[in-house]
Amino acid sequence: MDLTAPIDAYCERIGTAFWAEPLNALSNGAFFAAAALGLWYWRRAPGRDRPSLYLIGLVAIIGTGSFLFHTFANRWSSFADVIPIAIFIFAYFGLALRRFVGLSPLAAFVGTLAFLAASLAAEPLLAPHLGSSAGYVAGLFALYAIGGYLVARDHPEGWPVFAAGGVFTVSLAFRMVDLPLCPDWPRGTHFLWHTLNAATLGLLLVAAVRGAPPKLG
């Protein structure tokens, strides 16, 4: 595998230069803003738990990886882009099962493995219809499922998680229409995916920090 092989997958890119996707590259600043928001909440939280802090750092890594991909636009930078996102999705799902739903550590682990298996099984079935966006659909349904469950039980973090699902729906739609709208909108819409995706992660970080159990003593 040639890790330096170029990838041209988005409307805005029309060449091979580092800044060939300026909007797609610079809009990754929204991820750093989301991480900063999460850190602001974390520094003021009574618990200051490590899992939330790790997720905050992961959002910053997501922004870095995505910036690398939309500037270098090759195979190795694509891994830097997608791997941190996948880690966040499954790590947050496990945290939500444990922290919000109240499952035991073992049950949360098994539930996360089942979610991973379902995601891997669903992606090739959805790919003919949704393309590269198919891999995000399982995460979208998870946000609505967990958020709806929490809202129904008046959990204080239910609405932030459910609202994250709503924002992510719009975000995913902008990702999917990037190429179809390219002839009429040459700049594309992928930068809006970044911006709204960052808003989604920001909501989830705030929910994770606020939902952390306070330290005793």
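(A) Representation of the packing of aromatic side chains within the structure. Counted by the stated rule, this structure contains 15 aromatic pairs. Where Phe 18 meets Phe 67, the ring centres are 6.2 Å apart and the plane angle is 70 degrees; that geometry is what we call edge-to-face. Here Phe 18, found in the segment before helix H1 (22–26), pairs with Phe 67, found in helix H3 (residues 50–72); they are 49 residues apart in sequence, far enough to count as distant. Taking relative accessible area as the criterion, Phe 67 reaches 26% and is therefore assigned partly exposed. For the pair Phe 93 and Phe 115, a centre-to-centre distance of 4.1 Å together with 20 degrees between the ring planes defines the contact as stacked. Here Phe 93, found in helix H4 (residues 75–101), pairs with Phe 115, found in helix H5 (residues 105–130); they are 22 residues apart in sequence, far enough to count as distant. In terms of burial, Phe 93 and Phe 115 fall into one category: buried. Taken together, the ring pairs in this structure connect Phe 18, Trp 19, Phe 67, Phe 72 and Trp 76 into an aromatic cluster. The positively charged end of Arg 175 is found above the aromatic ring belonging to Trp 193, 5.4 Å away from the centroid.

(B) Just the environment of Pro 180, in detail. Checked against the element boundaries, Pro 180 lands in the loop between helix H7 (158–176) and helix H8 (190–210). Under the relative-accessibility criterion, Pro 180 is labelled exposed at 56%. The spatial distance from the C-alpha of Pro 180 to the C-alpha of Cys 11 is 8.8 Å, given a sequence separation of 169 residues.

(C) Unusual backbone geometry, seen in detail. One non-glycine residue, Ala 73, lies in the positive phi region at around 50 degrees. Of note, Ala 73 is situated in the loop between H3 and H4. One non-glycine residue, Asp 154, lies in positive phi territory at about 55 degrees. Here Asp 154 shows up in the loop between helix H6 (137–152) and H7.

(D) Fine view of the side chain of Asn 24. Tracing the sequence through the fold places Asn 24 in helix H1. Here Asn 24 falls in the buried class, since its relative accessible area comes to 0%. Looking at Asn 24, its side chain comes within polar contact range of the main-chain nitrogen of Phe 191, at 3.2 Å. Contact partners of Asn 24, with chain neighbours within four places excluded, come to Tyr 10, Glu 12, His 70, His 190, Phe 191 and His 194.

(E) Main features of the nonpolar core. Counting residues in hydrophobic clusters, the biggest one holds 40 residues, and the most contacted among them are Val 59, Phe 88, Tyr 92, Val 161 and Leu 204. Listing elements by their share of this core, those giving two or more residues are helix H2 (29–44), H3, H4, H5, H6, H7 and H8. When residues no more than four places from it in sequence are discounted, the contact partners of Tyr 92 are Leu 55, Phe 100, Leu 204, Ala 207 and Ala 208.

(F) H3, seen in detail. Between its first and last C-alpha atoms H3 spans 32 Å; for 23 residues at 1.5 Å apiece the expected length is 33 Å, and the two agree. All buried positions along H3 are accounted for by Ser 52, Leu 55, Ile 56, Leu 58, Val 59, Ile 62, Gly 63, Gly 65, Ser 66, Phe 69, His 70 and Thr 71.

(G) Quick peek at the packing of H3 against H8. Contact geometry for H3 and H8: axes closest at 9 Å, N-to-C directions at 170 degrees. With respect to H8, the element H3 is oriented roughly antiparallel. Here Ser 52, Leu 55, Ile 56, Val 59, Ile 62, Ser 66 and His 70 of H3 lie close against H8, whose contacting residues are His 190, His 194, Leu 201, Leu 205, Ala 208 and Val 209. Counted by class, the contact of H3 with H8 contains eight nonpolar, five polar and no charged residues.

Analysis parameters
For every chain, the first residue of the written sequence is number 1, and numbering continues from 1 onward in sequence order. Given that this is a predicted model, residues contribute local features only at a pLDDT of at least 70 and side-chain atom pairs are listed and counted only at 80 or more, while totals for whole chains, interfaces and linings are drawn from all residues. Calculated side-chain values reflect all of the structure's heavy atoms, with hydrogen atoms and water omitted. Think of it this way: a Phe, Tyr or Trp ring, Trp meaning its six-membered ring, pairs with another when their centres are within 6.5 Å, and the plane angle makes it stacked under 30 degrees, edge-to-face over 60, tilted otherwise. A helix here means a DSSP run of H or I that spans at least four residues, while a strand means a run of E at least two residues long, and both kinds are numbered starting from the N terminus. Only protein chains enter the calculation, and the probe is 1.4 Å; a residue is then buried if its accessible area is under 20% of its type maximum, exposed if over 50%, and partly exposed in between. A ring is scored as having a charge over it whenever the NZ atom of a lysine or the CZ atom of an arginine sits within 6 Å of its centre and within 35 degrees of its normal. Throughout this description, a polar contact denotes any pair of N or O atoms lying within 3.5 Å of each other; where both atoms belong to protein, one of them has to be capable of donating a hydrogen while the other can accept it, and for residues adjacent in sequence the pair is counted only when both atoms sit in side chains. Note on definitions: a residue-residue contact is assigned when non-hydrogen atoms from the two residues lie within 4.5 Å. Only buried Ala, Val, Leu, Ile, Met, Phe, Trp, Tyr and Cys residues count toward a nonpolar core, and they belong to the same one when joined by side-chain atoms within 4.5 Å. Expected helix span is computed as 1.5 Å times (number of residues minus one). Simply put, an axis is a line fit to the C-alpha atoms, just over the touching stretch for a helix, and the angle between two N-to-C directions goes from 0 to 180 degrees. With respect to orientation, any angle under 35 degrees is reported as roughly parallel, any angle over 145 as roughly antiparallel, any angle of 65 to 115 as roughly perpendicular, and every other angle as oblique. Asp, Glu, Lys and Arg are counted as charged, while Ala, Val, Leu, Ile, Met, Phe, Trp, Tyr, Cys and Pro are counted as nonpolar; the rest, among them Gly, fall into the polar class.

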